[in-house]
Amino acid sequence: MSSTQTSVKTHSLISDFKEITKMRLSISVVFSSLTGYLLGIDTVDFKTLVLLAVGGYLMVGASNSFNQIIEKDLDALMDRTKDRPVPAGRMSVNTAFIIASIFTLLGIIVLYTINPKTAMFGAVSIFIYACVYTPLKTKTPLSVFVGAIPGAIPFMLGWVAATNSFGIEPGVLFMWQFFWQFPHFWAIGWFLFDDYKKGGFFMLPTGKQDKGTAVQIIMYTVWTILVSIIPAFGVTGKLFLTPLAAVLVFLFGLVMLYYAILLFKKMTALAAKQLMLASVSYITLIQIIYVLDKFLR
């Protein structure tokens with residue numbers, strides 16, 4: 001085999017590995033975990049920070065790998081997923097299963113070295129995502145509700161990793177990211193409606209791109225905004241926001257709400273995509289504000 005062929009094969013393997021673990025999504029989830037950790041600690045322990053990042057990536061990568069194994073036949077039907085390693089035939093189911101299993105085992109071990117509670121929540125996240133959420137996606141729109149549970153665990157996980165305890169603070173972080181996922185994923189379900197339909201996935205709450213779905217997107221966006229500013233009222237223990245930070249959080253929330261209302265008015269795939277992008281910007285910026293507010297006040 002020539003060096004050029006070896007280079008191409010290596011590049012393909014790396015690309016497939018990134019795809020089976022959904023690297024960009026996994027990194028964004030790790031970012032949430034690290035944010036939760038920084039909000040929970042008094043002094044940064046860089047060893048724990050690294051362990052949380054590695055363990056978090058392994059757990060999310062495992063969930064995504066199991067998901068792609070289970071949905072391989074349906075992924076082959078959709079334009080956005082048909083080129084994934086398993087449905088495209090570049091990776092066998094056995095190989096993907098070995099990756100998912102090793103990632104699960106190593107992820108639990110790494111998180112356990114932080115503390116047992118962190119490992120437990122990580123394991124629960126994989127179980128719900130792979131064994132409950134994934135099978136429900138072709139059965140009922142309620143799958144989004146179920147999927148929002150493991151999706152909201154990483155933010156909370158960081159706090160638990162920092163404190164080895166679960167209380168109102170990680171509970172609020174969980175609820176915030178839980179509510180945020182509804183407008184985010186419904187926006188995705190809206191502009192990819194036709195593609196999801198090919199795979200038989202039920203992602204929108206009413207099953208249609210209608211006013212009922214748009215109204216629910218607005219409602220959950222409002223809930224997201226309200227939960228995000230609760231720490232400013234001093235009722236969430238050590239999780240606290242200064243008035244200035246709360247105003248910024250609220251204003252960024254209004255931007256997301258604007259795009260949710262825009263979707264209600266226009267009812268187009270473009271408006272849904274704009275809302276999705278706004279939701280990603282929102283969750284990232286708000287987490288940064290929370291951390292900066294803690295360390296600068």
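Everything below is about the structure shown above.
In this report, the structure presented in the accompanying data block is examined. (Residues numbered from 1 in each chain as written. Predicted model: local features only at pLDDT ≥ 70, side-chain atom pairs only at ≥ 80, totals over all residues. Heavy atoms only, no water.)

**Concerning the overall build of the protein**
The criterion, for reference: Every helix listed is a DSSP run of H or I at least four residues long, and every strand listed is a run of E at least two residues long, numbered separately from the N terminus. Each residue gets one of three labels from its accessible area relative to the maximum for its type: buried under 20%, exposed over 50%, partly exposed in between, using a 1.4 Å probe on protein chains only. It only takes one pair of heavy atoms within 4.5 Å for two residues to be counted as in contact. Each accessible area is a Shrake-Rupley result for a 1.4 Å probe, and residues are judged covered by the shown protein chains and nothing else. Think of it this way: Lys and Arg go in the positive column, Asp and Glu in the negative one, and His and the chain ends go nowhere. Charge placement uses NZ in Lys and CZ in Arg. For Asp and Glu, CG and CD serve respectively.
Looking only at helices and strands, the protein has 12 helices and 0 strands in total. Each helix and strand of the protein, placed in order from N terminus to C terminus, yields the pattern α-α-α-α-α-α-α-α-α-α-α-α. Considering only C-alpha atoms, the protein reaches an extent of 60 × 50 × 35 Å along its principal axes. Per-residue burial for the protein yields a buried fraction of 49% across its 297 residues. The contacts of the protein with a sequence gap of at least 6 include a subset with a gap of at least 24, amounting to 73%. Summed over all atoms, the accessible surface of the protein reaches about 14,000 Å², with 70% contributed by carbon and sulfur. Here the protein contributes 23 positively and 14 negatively charged side chains, and the mean placements of these two sets differ by 2 Å.

**Structural notes on the packing of aromatic side chains**
Quick reminder of the rule: Two rings from Phe, Tyr or Trp (for Trp, the six-membered ring) form a pair when their centres sit within 6.5 Å of each other. Planes less than 30 degrees apart are called stacked, planes more than 60 degrees apart edge-to-face, and all others tilted. Lysine and arginine charges are scored as sitting over a ring when NZ or CZ, respectively, is within 6 Å of the ring centre and within 35 degrees of the ring normal.
Within this structure, the stated rule accounts for 19 aromatic pairs. Taking the centre distance of 5.4 Å and the plane angle of 90° together, the rings of phenylalanine 145 and phenylalanine 178 count as edge-to-face. In this pair, phenylalanine 145 sits in helix H7 (residues 143-163) while phenylalanine 178 sits in helix H8 (residues 168-191), placing the two residues 33 residues apart along the sequence. Three or more aromatic residues joined by ring pairs make a cluster, and in this case those are Phe145, Phe174, Phe178, Phe179, Phe182, Trp186, Tyr220 and Trp223. It is lysine 137 that lies over the ring of phenylalanine 201; its NZ or CZ is 4.9 Å from the centre. Over the ring of phenylalanine 264 we find lysine 211, and its NZ or CZ is 4.0 Å from the ring centre.

**Let's talk about the side chain of glutamate 169**
How we decide: A pairing counts as a salt bridge when a side-chain nitrogen of Lys or Arg comes within 4 Å of a carboxyl oxygen of Asp or Glu.
Within the fold, glutamate 169 resides in helix H8. The charged side chain of glutamate 169 is buried without a salt bridge, its nearest counter-charge being lysine 238 at 6.5 Å. Beyond its immediate sequence surroundings of up to four residues, glutamate 169 is in contact with Trp159, Thr236, Gly237, Lys238 and Leu239.

**A closer look at the nonpolar core**
Short version of the rule: Residue types Ala, Val, Leu, Ile, Met, Phe, Trp, Tyr and Cys, when buried and joined through side-chain atoms within 4.5 Å, form a set referred to as a nonpolar core.
Ranked by internal contacts, the top residues of the largest apolar core, which has 85 residues, are Leu39, Trp176 and Tyr290. Of all the elements, H8 adds the most residues to this core, at 13 residues. Here tryptophan 176 is in contact with Phe155, Thr224, Val227, Ser228, Tyr282, Ile283, Ile286, Gln287 and Tyr290, once residues within four sequence places are set aside.

**Points about the packing of H7 against H8**
The description of two packed helices rests on the angle between their axes and on the distance between the axes. Filter applied, for reference: To define axes, lines are fitted to C-alpha atoms, for helices over the stretch in contact only, and angles between the resulting N-to-C directions are given on a 0 to 180 degree scale. Throughout, the term roughly parallel applies to angles under 35 degrees, roughly antiparallel to angles over 145, roughly perpendicular to angles from 65 to 115, and oblique to all others. Left-handed is the label given to a crossing in which the near helix is rotated counterclockwise from the far helix by less than a right angle, and right-handed is the label when the rotation is clockwise. In this classification, the charged set is Asp, Glu, Lys and Arg, the nonpolar set is Ala, Val, Leu, Ile, Met, Phe, Trp, Tyr, Cys and Pro, and all remaining amino acids, among them Gly, are polar.
In contact at an axis separation of 7 Å, H7 and H8 are set at 140° when each is read in the N-to-C sense. Accordingly, the angle class assigned to the pair H7 and H8 is oblique. For H7 against H8, the interelement crossing comes out right-handed. Contact with H7, carried on its side by Val144, Phe145, Gly147, Ala148, Ile149, Gly151, Ala152, Ile153, Phe155, Met156, Trp159 and Val160, involves Glu169, Pro170, Leu173, Phe174, Trp176, Gln177, Phe178, Gln181, Phe182 and Trp186 of H8 and no other residues of that element. Tallied by class, the residues present in the contact of H7 with H8 amount to 17 nonpolar, 4 polar and 1 charged.

**Here's the deal with unusual backbone geometry**
In this structure, lysine 22 takes a positive phi of about 50° despite not being glycine. Checked against the element boundaries, lysine 22 lands in the loop between helix H1 (3-20) and helix H2 (23-40). Here asparagine 164, not a glycine, exhibits a phi torsion of approximately 60°, which is positive. Structurally, asparagine 164 is set in the loop between H7 and H8.

Spatial relationships are all this shows, so hold off on functional conclusions.
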